[in-house]
Number of protein chains: 6
Amino acid sequence: MMRPSMRKSNQMRHVSLETCVNKWAEGSCLIKMGGTQVLCTASIDMNQPVWKRIQNKTGGWVTAEYSMLPRANGTRKSRDSISKDNRSAEISRLIGRALRSVVDMDALGRHTITIDCDVIQADGGTRCASITGGFVALKMAVQWLIDNGRITRNPIREHVAAISAGLFNGELVLDLDYDEDCNAEMDANFVVSEHGQFIEVQSTGEQHPFTKDQLCTLMDMAANAARELIELQKQVL
Amino acid sequence: MMRPSMRKSNQMRHVSLETCVNKWAEGSCLIKMGGTQVLCTASIDMNQPVWKRIQNKTGGWVTAEYSMLPRANGTRKSRDSISKDNRSAEISRLIGRALRSVVDMDALGRHTITIDCDVIQADGGTRCASITGGFVALKMAVQWLIDNGRITRNPIREHVAAISAGLFNGELVLDLDYDEDCNAEMDANFVVSEHGQFIEVQSTGEQHPFTKDQLCTLMDMAANAARELIELQKQVL
Amino acid sequence: MMRPSMRKSNQMRHVSLETCVNKWAEGSCLIKMGGTQVLCTASIDMNQPVWKRIQNKTGGWVTAEYSMLPRANGTRKSRDSISKDNRSAEISRLIGRALRSVVDMDALGRHTITIDCDVIQADGGTRCASITGGFVALKMAVQWLIDNGRITRNPIREHVAAISAGLFNGELVLDLDYDEDCNAEMDANFVVSEHGQFIEVQSTGEQHPFTKDQLCTLMDMAANAARELIELQKQVL
Amino acid sequence: MMRPSMRKSNQMRHVSLETCVNKWAEGSCLIKMGGTQVLCTASIDMNQPVWKRIQNKTGGWVTAEYSMLPRANGTRKSRDSISKDNRSAEISRLIGRALRSVVDMDALGRHTITIDCDVIQADGGTRCASITGGFVALKMAVQWLIDNGRITRNPIREHVAAISAGLFNGELVLDLDYDEDCNAEMDANFVVSEHGQFIEVQSTGEQHPFTKDQLCTLMDMAANAARELIELQKQVL
Amino acid sequence: MMRPSMRKSNQMRHVSLETCVNKWAEGSCLIKMGGTQVLCTASIDMNQPVWKRIQNKTGGWVTAEYSMLPRANGTRKSRDSISKDNRSAEISRLIGRALRSVVDMDALGRHTITIDCDVIQADGGTRCASITGGFVALKMAVQWLIDNGRITRNPIREHVAAISAGLFNGELVLDLDYDEDCNAEMDANFVVSEHGQFIEVQSTGEQHPFTKDQLCTLMDMAANAARELIELQKQVL
Amino acid sequence: MMRPSMRKSNQMRHVSLETCVNKWAEGSCLIKMGGTQVLCTASIDMNQPVWKRIQNKTGGWVTAEYSMLPRANGTRKSRDSISKDNRSAEISRLIGRALRSVVDMDALGRHTITIDCDVIQADGGTRCASITGGFVALKMAVQWLIDNGRITRNPIREHVAAISAGLFNGELVLDLDYDEDCNAEMDANFVVSEHGQFIEVQSTGEQHPFTKDQLCTLMDMAANAARELIELQKQVL
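Residues numbered from 1 in each chain as written. Chains lettered and ligands numbered in written order. Predicted model: local features only at pLDDT ≥ 70, side-chain atom pairs only at ≥ 80, totals over all residues. Heavy atoms only, no water.

(A) Local environment of the interface of chain A and chain B. On the side of chain B, 27 residues touch chain A, which itself brings 27 residues to the contact. Counting the surface lost from both chain A and chain B, the interface buries some 2,700 Å², and carbon and sulfur atoms represent 53% of this. Of the charged contacts, one joins Lys212 of chain B and Asp220 of chain A as a salt bridge, the two residues approaching to 3.1 Å between their closest N and O atoms. Taken together, the connections running from chain A to chain B amount to twelve residue pairs in polar contact (both at pLDDT 80 or more). (Contact = heavy atoms within 4.5 Å. Buried area = accessible area lost by both parts, 1.4 Å probe. Salt bridge = Lys/Arg side-chain N within 4 Å of Asp/Glu carboxyl O. Polar contact = N/O pair within 3.5 Å; in protein donor to acceptor, adjacent residues only side chain to side chain.)

So this is what it looks like as structure tokens:
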């Protein structure tokens, strides 16, 4: 049984990470995974978020916003529907949780870093690409804080990356593209830390329930893929 | 190591399901899991949803809406913030996916069933309670369609229930209440079918990454709990 | 001429008031008047409302919010239309005015009490039930302030209750249910104080103008009914 | 005891009605009651309202929209707060009910008449002035329909006018201006038909409860004033 | 070649400016240019705008808001569409820029003046009428500040007025009314200072490109017309 | 007197146009003018816009939407403020008018082409870059319609390009970058057709009024620059 993309079941698409793609942002990375392209920028605000100030909390914060350009997909979406899109808000929350999980908020000081993930072209796996590319932008912004004497200790504990996987035509496969994703029986997203532990597992079988064993196999595949992605992150940073 | 609720690690809170709690709705169920209370109603619209009609699709649809009353929690939330709450939208999508996964949309005919899950009192696990109670309301509404001669074949393939679990004080525990949830190192939600397969797994370790083995153990605990919940559903239907 | 509800013209429906129905709220009351059910909670904010602070005013404030659950009626309402509903806003203002009329704002201290009236099931007279039940929740919250040493003097001057009435099939009748309300020639709502005076009279004859004498007769009927409702309030407090 | 306006207790302010003040509208009237100025226009839509078409109802509809210009008052209001103003929505509903009460919707044919009441300058009693002036615009629009052969029978059954009254410094007084309204113990609005019956009575004693006798006296004063206002309407039409 | 309005190519419509048309506003002017009527009020806020305070800037600010009444045109516009109208926002920005260009913000002190331009009746050239009439209201408000001892030096450097022009039936004409505007091949708006210089030129040839010479001729015509308008402003101030 | 960019007064920045940058869109162009980068995509809808269908009009339509990514500027903008930004709406209208001015709507057939102009990086002149780049995307989409047999006749009458200019330090200069724009005494935007005529002239002297001669000189400079830009467009198409 062949995948439409002709890839082997545990084969990711070609991945590239380009840094310094925005002259204004304190960190930026354009990630391409096959046809998927996400522009990630990190913006530093020299303040805590309002809710931390009100609650008299210490330390900083990392947050993320994910959005599609209107023609990132085969069919144009109106900007109005994009700005009210619950799916985007859900993905933004996922990216934020993933990136915060590797940051020591006290070491970050009273700064807020916002990671914007704007999908230039979508072809499956955009939320995972956003996490992998967003981490690169985040790390550059943290380096900016260190270089500018705003903080003294590196608040990033370890790298983080994410990868999708699923059940397609009865086979467990890695990194689904758009065509595969549309026809998958079950799909999952894995956020994995540099030490090979899991930060988030989201697995949905709306079309088809799945077994514990299937999910466990996918977790192994995802851990291997994440290791490769983190290797790439280290090369460009 | 004791849980604040004094329960054993694999012990659910007391669960009750009361049906026919709304004189207008085609199906209704008030579910209580400890201090958590969710009022679930099923409303039948004798039409397909608009998007199905536009796309010329066959069959019906099941959708869900989850919301909190302003004082469901310790601190009052403004109605304005409730109506724009992304977390509620995310949970609504989860409940809808969970319920749709056990329904044959063609057998449902050109009807739309909306499951409203209004949290009267929140004490942890509200999204799981909404799925378990919402299924009861859904099944009553489907029975209404059969009793009124609108459909001939039962579109529900099997029962579905949901349960939370997590890592609390280093121990894997079932059905976290609010106090436990606030201090959990990792928490997860499991939607399980009558045949013991998984429809959705969501596991987050923002505070603490987790291992494959931990998630697999929780999946076993959740499968057992779901069996009990489905037994209760059958008793009241 | 018989009423659809078989009640005598000056007969109210069965009324019950249940307190302490919410574990978080400082006051709560579930009121049932026939098929009408309204959950009333009182939430204390340990501050003046923002507008009082800006204007440097003394004392506290009482405000109310009235809303329907989507399936409180025979036909489901979308949450979107509920949150923008002008009728609900108008009723919220009425409930707030009614409850404030019996409270000494200076004796209340710099606290804001919000009364949420969520209609679980609607069958006519929901705004009046909200006032009658909301007063119970309010009085409990005031007692909470006294018990917790936040205020020393009881700011509540007297009880308040409300009742609907109207012209149905040429007859002046009390406490219209949904079926009667739909076909009434004229309908009115009366907010009455413990001393038998009127705090608000709203009378509308869109279908049929009415005379001074008719309104005066209804005012007498309402005053009697309010006396009974206030008696019930005292029993549960 | 003198009123700030030096008027006798049952004395209205000077009232003027100017018609044909808008070259586009099918009916228009600028009403001035003392310092209060409201521009009323009637716009005909050659269709039923959407909700009537969906429900397959016969006849036409009359609706009203009340709004303040930003500087109609002593303090400027932002347009944003105006467009979300619940008080304006409540008054719009009142004006619509009042005008509909004298129109035979079937005789109006499948037309929708919208009465816009824009308060140019506010000095108390704007909602009552809107009803009195809005009726003039409405009647002109109805005449336009007759003159253009769109309808054959006059759908207006009788005139309607409105007037405010209240309790000021212990005295029952008519037609409160802004200064009096701010300090009134109780205030009321009366919509009265040409035959001297009541279409709407709204009476509020937030500062001070009131008695049945007080309201009955005000109803007599309002009926007399309405007779004068209707006389003026007839003069300009 | 005749204009529909029978005017000569460089002839404006009859213009009138009436001041003190609002008892509350610090400045007000009703401008009529043929069938176009705009009510301009100036409201003083005794504070800088928020954005100036945040940025620690000196001096005051002048801003403008332009809006249509629903029936200012041949067809009624819904208030909802008015409040979201991008064209109105664009015109508001134009009016604000035009008025600010003649004000010394430091001499204005820490005050914000808002010029509301509400179009009572539209018949072409409403944005230009708003600038010409708005300046009159602005100057009155500035005089109010001087008369009340809030500022000592007149912050207004010179008068400003605006006029439309365009290409109609191949002829360059001044001050287009609605009928001419609809059929113009090109139209332009000119904001001109008392010294005959230009503050804003907006020229659009969506139907028909235009030449440099055409625009230059229109600029001469506009400068002449502005001189007349400024003469009228001086007469009423 | 030197420009900060060291350019001569009539020297544009380096311009590049890259086509086919989006795999889904029917036309796409990434334009770079110095530090300004705008991604332009053309999306074809196989229908007339709704308003044309309702009004029974013939032919197609071209519309444009301009937006900034949150970190296109030195300071991050919130997505919320972006989606409500009046300046963006004003620019979108300008781009749409400019592109429509060279298209024969009847020859376009019943299609709607939407040009999305998303500013990836802003450094002055983004609206002009959007028009110049948007035209390239538009022309590619028109070619797509021809190649796919949807239309037979080329609806594009001529090329169109746009360029900014202004008065900086007393000197008339072309193509202002961000630093120059911030300090310009007057700035202008010119939309110029292939035949050297003007489609739109917008010139603002909020800081400083300007003379007819100054604007006329800028129009000559703009016409020359547009000729170069149109030459570049032809090279990439």
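(B) Layout of the sheet that holds strand β5 (residues 112–121) of chain F. Residue and element names in this part refer to chain F. In spatial order, the strands read β1-β2-β3-β5-β4; together these five strands make up an open sheet with mixed pairing. The two strands at the open ends of the sheet, each matched to only one other strand, are β1 (15–19) and β4 (61–68). With strand direction ignored, the average angle separating the axes of adjacent strands in the sheet is 20°. Where strand β2 (residues 27–33) meets strand β3 (residues 36–45), seven bridges bridge the pair, whose relative direction is antiparallel. Looking at β3, one finds that Cys29 is bridged to Cys40. Taken strand by strand, helix α3 (residues 86–100) contacts β4 and β5, and its axis lies near 145° from that of β4. Contacts from helix α4 (residues 126–147) reach β1, β2, β3, β4 and β5, with the element oriented near 30° to β3. (Pairing = 2+ DSSP bridges. Helix = DSSP H or I, 4+ residues; strand = E, 2+ residues; numbered from the N terminus. Axes fitted to C-alpha atoms, helices over the stretch in contact; angles between N-to-C directions.)

(C) Region of the structure containing the pattern of salt bridges. Taken as a whole and assessed by the stated rule, the structure comprises 108 salt bridges over all chains. The salt bridge partner of Asp104 of chain A is Arg153 of chain A, with a shortest N-O separation of 3.5 Å. Note that Asp104 of chain A is positioned in the loop between α3 (86–100) and β5 (112–121) and Arg153 of chain A in the loop between α4 (126–147) and β6 (160–168), a separation of 49 residues in sequence. With a closest N to O distance of 3.6 Å, Asp175 of chain D and Arg7 of chain D form a salt bridge. Taken together, the residues span a long stretch of sequence, with Asp175 of chain D in the loop between β7 (171–174) and α5 (178–182) and Arg7 of chain D in the segment before β1 (15–19) at a distance of 168 residues. Judged by its relative accessible area of 9%, Arg7 of chain D is buried. Through salt bridges that share partners, Arg3, Arg7, Arg13, Asp175, Asp177 and Glu180 of chain A make up one connected network. (Buried < 20%, exposed > 50% of the residue type's maximum accessible area, 1.4 Å probe, protein only.)

(D) Here's a closer look at the sheet that holds strand β3 (residues 36–45) of chain A. All names here are of chain A. As summarised here, the arrangement of the five strands in space is β1-β2-β3-β5-β4, forming an open sheet in which the pairing is mixed. Only two strands of the sheet have a single neighbouring strand rather than two, namely β1 (15–19) and β4 (61–68). Direction aside, neighbouring strands of the sheet carry axes that sit 20° apart on average. α3 rests against β4 and β5 of the sheet, and its axis sits at about 145° to β4. Sheet contacts for α4: β1, β2 (27–33), β3, β4 and β5; angle to β3, the most-contacted strand, approximately 30°.

(E) Expanded view of the interface of chain E and chain D. With 30 residues of chain E in contact, the opposing surface of chain D contributes 30 residues. At the boundary of chain E with chain D, total buried surface from both sides reaches about 2,400 Å², with 46% on carbon and sulfur atoms. Summed over the three residues of chain E that lose the most area to chain D, namely Trp24, Arg71 and Arg79 of chain E, the buried surface amounts to 32% of that side. On inspection of chain E and its partner chain D, the count reaches 14 salt bridges. In this structure, Asp118 of chain E and Arg79 of chain D form a salt bridge, with 3.0 Å as the shortest nitrogen-oxygen distance. Those elements that place two or more of their residues in the side of chain E that touches chain D are β3 (36–45), β4 (61–68), α2 (79–83) and β5 (112–121) of chain E.

(F) Just the relation of the copies chain E and chain D, in detail. With an RMSD of 0.0 Å, the fit of chain E onto chain D corresponds to turning through 180° and sliding 0.0 Å along the axis. Put plainly, the chains are arranged around a two-fold axis. Across chain E, the smallest distance between a C-alpha and the rotation axis is recorded for Ser83 of chain E, namely 3.7 Å. Take the interface residues of chain E: 100% of them recur as interface residues in chain D, which is what a same-surface contact looks like. (Least-squares fit on C-alpha atoms with pLDDT ≥ 70 in both.)

(G) Looking closely at the pairing of β4 of chain A. Residues and elements named next belong to chain A. Summarising burial for β4: six of the eight residues are buried, a large majority. Where β4 and β5 come together, eight bridges link them in parallel fashion. Residue Glu65 lies in a different strand from β5, and its bridge partner there is Asp116.

(H) Expanded view of α4 of chain A. Along its 22 residues, α4 of chain A runs 31 Å from first to last C-alpha, staying within 8% of the 32 Å computed at 1.5 Å per residue. Of all 22 residues making up α4 of chain A, 17 are buried, and the element is well covered by its neighbours. (Expected span 1.5 Å × (residues − 1).)

(I) Molecular detail of the environment of Asn224 of chain A. Among the structural elements, Asn224 of chain A can be located in helix α6 (residues 212–236). In this structure the C-alpha to C-alpha distance between Asn224 of chain A and Ala141 of chain A, which are 83 residues apart in sequence, comes to 27 Å.

(J) Spatial organisation of the confidence of the model for chain A. Per-residue pLDDT for chain A has a mean of 95; in total, 100% of the residues score no lower than 70. Interface scoring of the predicted complex returns ipTM 0.94; its pTM is 0.92. (pLDDT = per-residue confidence, 0-100.)

(K) Examining the packing of helix α3 (residues 86–100) of chain D against helix α4 (residues 126–147) of chain D more closely. Residue and element names in this part refer to chain D. Here α3 crosses α4 at 45°, and the two axes come no closer than 10 Å. Overall, the two elements α3 and α4 adopt an arrangement that is oblique. Considering the relative orientation of α3 and α4, their crossing is right-handed. Contacts between α3 and α4 involve Arg87, Ile91, Leu94, Ile95, Ala98 and Leu99 on the former and, on the latter, Thr126, Arg127, Ser130, Ile131, Gly134, Phe135 and Leu138. (Parallel < 35°, antiparallel > 145°, perpendicular 65-115°, else oblique. Left-handed = near helix turned anticlockwise from the far one by under 90°.)

(L) Structural context of the packing of aromatic side chains. Under the defined criterion, the tally for this structure stands at 24 aromatic pairs over all chains. Judged by centre distance (6.2 Å) and plane angle (65°), the rings of Phe190 of chain D and Phe198 of chain D are edge-to-face. Given the relative accessible area of 0%, Phe190 of chain D is considered buried. What links up through ring pairs into an aromatic cluster is the set Phe190 and Phe198 of chain A together with Phe210 of chain B. We note Lys23 of chain C situated over the ring of Trp24 of chain C; from NZ or CZ to the ring centre the distance is 4.8 Å. (Phe/Tyr/Trp six-rings, centres within 6.5 Å; stacked < 30°, edge-to-face > 60°. Lys NZ or Arg CZ within 6 Å of the ring centre and 35° of its normal.)

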